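These are the residues of each chain, in order.
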Amino acid sequence: IVEMAKRFGVGQKVHEITESAMNGEIDFDESLKQRVSLLKGMPESLLNEILSEIKLTDGVEKFIQTVKSLGYKTAIISGGFNFFANSFKEKLQIDYAFANELEITNGKLSGKVKGSIVNAEKKAMLLELLAQQENINLEQVVAIGDGANDLEMLSKAGLGIAFHAKDIVKKTAKQHMSHGPMTSILYFLGISEELES
């Protein structure tokens, strides 16, 4: 959303609301509605431009390939938008993706979110539902997040890892990593370098 806002000339306003939400200072639902409303009238075509410029987190492709080769199911549960989540789901061959749906009318963003908002509670609920669907115990679930709206999800999982996270998340999560590529998380999972290569 920060990149979308920059393109649409409302970057600073959206950045301020985003920081407050990520640090847990304002309600996520309200902050998302406020930020999306600032994008009203933005052409849908800009979404593809932004998508082409997004840099993946260092090591994410290797991380996903490695855990999938070991039989893990993978999911994106994002407070962002389906347009991007579904694209990364396809690119990285992730099993599930859940995010917010932008309302688009006549090729432009309406400034509204369709359906229910993927907030902290919804993330935790989706994590539980996925565990049920895959017939696994929550103790077997690994969740990785960086924002305040990830805390409930991280606490539900058997292993919740704050990765390059905001201060409030690092303080609250049982495990956190602030350095290195995403493949570093493999060591938390007891996966050695031999399996990575």
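Above this text you will find the structure in question.
Residues numbered from 1 in each chain as written. Predicted model: local features only at pLDDT ≥ 70, side-chain atom pairs only at ≥ 80, totals over all residues. Heavy atoms only, no water.

J.: Lay out the packing of aromatic side chains with the relevant residues and their values.
T.: Each aromatic ring pair is specified by the distance between its two centres and by the angle formed by the two planes. Tallied over the full model, the rule gives two aromatic pairs. Judged by centre distance (5.1 Å) and plane angle (85 degrees), the ring pair of F83 and F84 falls under edge-to-face. Here F84 falls in the buried class, since its relative accessible area comes to 9%. Look at Y96 and F98: their rings are 6.4 Å apart centre to centre, the planes differ by 10 degrees, and that puts the pair in the stacked class. (Phe/Tyr/Trp six-rings, centres within 6.5 Å; stacked < 30°, edge-to-face > 60°. Buried < 20%, exposed > 50% of the residue type's maximum accessible area, 1.4 Å probe, protein only.)

J.: Could you give me a rundown of the sheet that holds strand β4 (residues 142-145), with the residues and numbers involved?
T.: Taken together, the three strands give an open sheet; going across it, the order is β4-β5-β6, and neighbouring strands pair in parallel fashion. The open sheet has two edge strands with one neighbour each: β4 and β6 (175-177). Neighbouring strand axes in the sheet, compared pairwise and without regard to direction, differ in orientation by 25 degrees on average. (Pairing = 2+ DSSP bridges. Helix = DSSP H or I, 4+ residues; strand = E, 2+ residues; numbered from the N terminus. Axes fitted to C-alpha atoms, helices over the stretch in contact; angles between N-to-C directions.)

J.: Tell me what's going on with the pattern of salt bridges, and back it up with residues and numbers.
T.: Enumeration according to the criterion identifies six salt bridges in this entry. In this structure, K123 engages D150 in a salt bridge whose closest nitrogen and oxygen atoms are separated by 2.5 Å. Remark: D150 occurs in the loop between β4 and α8 (151-156) and K123 occurs in helix α7 (residues 120-133); sequence separation between them is 27 residues. Like K123, the residue D150 is buried in the burial classification. Here the salt bridges share partners, and the residues they tie into one network are R7, E49 and E53. (Salt bridge = Lys/Arg side-chain N within 4 Å of Asp/Glu carboxyl O.)

J.: Please provide a residue-by-residue account of unusual backbone geometry, values included.
T.: The phi torsion at N106 lies on the positive side, around 50 degrees, for a residue other than glycine. Among the secondary structure elements, N106 is positioned in the loop between β2 (96-105) and β3 (108-114). Owing to a relative accessible area of 77%, N106 belongs among the exposed residues under this scheme. Within the chain, N135 stands out as a residue other than glycine whose phi angle is a positive 60 degrees. With respect to the element layout, N135 can be found in the loop between α7 and β4.

J.: Please give an account of the packing of helix α4 (residues 45-53) against helix α6 (residues 82-92) that cites residues and values.
T.: Pairs of packed helices are described in terms of their axes, by the angle between the two and the distance that separates them. Relative to each other, α4 and α6 sit at 45 degrees, their axes nearing to 11 Å. With respect to α6, the axis of α4 lies oblique. Here α4 runs over α6; the crossing is right-handed. For the pair α4 and α6, contact is made by L47, N48, I50 and L51 and by F83, F84, S87 and F88, respectively. The residue inventory of the contact of α4 with α6, partitioned by class, reads six nonpolar, two polar and no charged. (Parallel < 35°, antiparallel > 145°, perpendicular 65-115°, else oblique. Left-handed = near helix turned anticlockwise from the far one by under 90°. Contact = heavy atoms within 4.5 Å. Nonpolar A, V, L, I, M, F, W, Y, C, P; charged D, E, K, R; others polar.)

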